[in-house]
Amino acid sequence: MKKMNSLLKKSLITLVVLAIGLAALPLSGVAAAGLNEPANPPTSQTKPDYSRLERIWQREQLRYQREGTLLSKADGFISKVQALLDKASQKGWDVSTVQAALNAFASVIPAAQTAHEPGQAIIDAHSGFNANGEVTDPATALETVKSLAQVLKATRTAMNGTGRALWQAIRDLRQSHRASGTTTP
């Protein structure tokens, strides 16, 4: 057993030394510019790279669309949860916590939809971006991205964590009845 520990320690030390040694080596090669190649390409011929801003714009649009889809399906979701709560209460389950969370969730949906609406005008205008989502004016594009981010933040603020609270209340109800062997309301 002692030989095994000694062998294990030696191999670990060897592995660490090898890893440190390999970390010091460069991962890619470096080449010098040729004699006829300019050191820096002329700036007038290269297009500035706004790929990060374009990716953020695309991601914000996707978030907006996903949020809009969820808000449009909220009424159907609320009715499904209410049907499950009715079923569970008929079985004698205490659904008061979930009902309170559902009522809170349902009460903030109109405010969240109102906060969400201005985002469509921002996306339709796409100021600073062309129709393909490429930056045409960086300063305006940055303001457009910030405006859409504000709309998304306002929608989250309007929801005030009620969606997460409802999810947690449903989860707690299921777990409390899972222990007793009855999971489905």
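The structure we're discussing is the one just above.
First, a word on scope: everything that follows refers to the structure included in this document. (Residues numbered from 1 in each chain as written. Predicted model: local features only at pLDDT ≥ 70, side-chain atom pairs only at ≥ 80, totals over all residues. Heavy atoms only, no water.)

1. Focus on the environment of Ile123
Mapped onto the secondary structure, Ile123 falls in helix H5 (residues 118–125). What makes Ile123 buried here is its relative accessible area of 14%. The spatial distance from the C-alpha of Ile123 to the C-alpha of Tyr64 is 9.2 Å, given a sequence separation of 59 residues. If sequence neighbours within four positions are ignored, Ile123 has contacts with Trp57, Gln61, Tyr64 and Leu148. (Helix = DSSP H or I, 4+ residues; strand = E, 2+ residues; numbered from the N terminus. Buried < 20%, exposed > 50% of the residue type's maximum accessible area, 1.4 Å probe, protein only. Contact = heavy atoms within 4.5 Å.)

2. A closer look at the packing of aromatic side chains
Evaluation of the coordinates by the stated rule reveals two aromatic pairs. Arranged with centres 4.7 Å apart and planes meeting at 10 degrees, the rings of Trp57 and Phe129 form a pair that is stacked. A residue pair is termed long-range when its members are at least 10 positions apart, and Trp57 in helix H2 (residues 51–72) and Phe129 in the loop between H5 and helix H6 (138–159) qualify at 72 residues. Across this residue pair, the class does not change: Trp57 and Phe129 are buried. Summarising the aromatic geometry, the rings of Phe77 and Phe105 are spaced 5.8 Å apart at their centres and angled 75 degrees between planes, so their arrangement reads as edge-to-face. (Phe/Tyr/Trp six-rings, centres within 6.5 Å; stacked < 30°, edge-to-face > 60°.)

3. Overview of helix H3 (residues 74–90)
Taking 1.5 Å per residue as the helical rise, H3 with its 17 residues ought to reach 24 Å, and the 24 Å between its terminal C-alpha atoms agrees with that figure. Among all positions of H3, only Ala74, Ile78, Val81, Leu85 and Ala88 are buried. Around the axis of H3, the buried residues are gathered within 85 degrees of arc, so they sit on the same side. Seen from the buried face of H3, the exposed residues on the opposite side, beyond 90 degrees, are Asp75, Lys80 and Gln90. Those residues of H3 that are buried lie in contact with H2, helix H4 (96–116) and helix H7 (162–178). (Expected span 1.5 Å × (residues − 1). Arc of directions from axis to C-beta.)

4. Overview of the side chain of Thr162
With respect to the element layout, Thr162 can be found in helix H7. A distance of 2.8 Å separates a polar side-chain atom of Thr162 from the backbone oxygen of Met159. Excluding residues within four positions of it along the chain, Thr162 makes contact with Ala104, Phe105 and Val108. (Polar contact = N/O pair within 3.5 Å; in protein donor to acceptor, adjacent residues only side chain to side chain.)

5. Some thoughts on the environment of Gln168
Within the secondary structure, Gln168 sits in helix H7. Considering only alpha carbons, one finds Gln168 and Ala101, 67 residues apart in sequence, at a separation of 9.1 Å.

6. A closer look at the side chain of His116
Relative to the helices and strands, His116 resides in helix H4. Exposure remark for His116: the relative accessible area of 8% places this residue in the buried category. For His116, the contacting residues outside a window of four places in its chain are Tyr64, Glu67, Gly68, Leu71, Val151 and Thr155.

7. Looking at unusual backbone geometry
For His126, which is not glycine, the phi torsion reads 35 degrees and is therefore positive. Here His126 is to be found in the loop between H5 and H6. In this structure His126 comes out as partly exposed when scored by relative accessible area, which is 26%.

8. Side note on the environment of His126
Along the sequence, His126 and Val145 sit 19 residues apart, while their C-alpha atoms lie 9.0 Å from each other. At 2.9 Å, the side chain of His126 and the backbone oxygen of Phe129 are in polar contact.

9. Re H2
In this model H2 runs 31 Å from its N-terminal to its C-terminal C-alpha over 22 residues, within 8% of the 32 Å that 1.5 Å per residue would give. Every buried residue belonging to H2 is among Leu53, Glu54, Ile56, Trp57, Glu60, Gln61, Tyr64, Glu67, Gly68 and Leu71, and all of these are buried. Taken around the axis of H2, the buried residues stretch over an arc of 160 degrees, which confines them to a single face. Looking at H2, the residues exposed on the side facing more than 90 degrees away from the buried face are Arg52, Leu62, Arg66 and Leu70. As for H2, its buried residues are in contact with H3, H4, H5 and H6.

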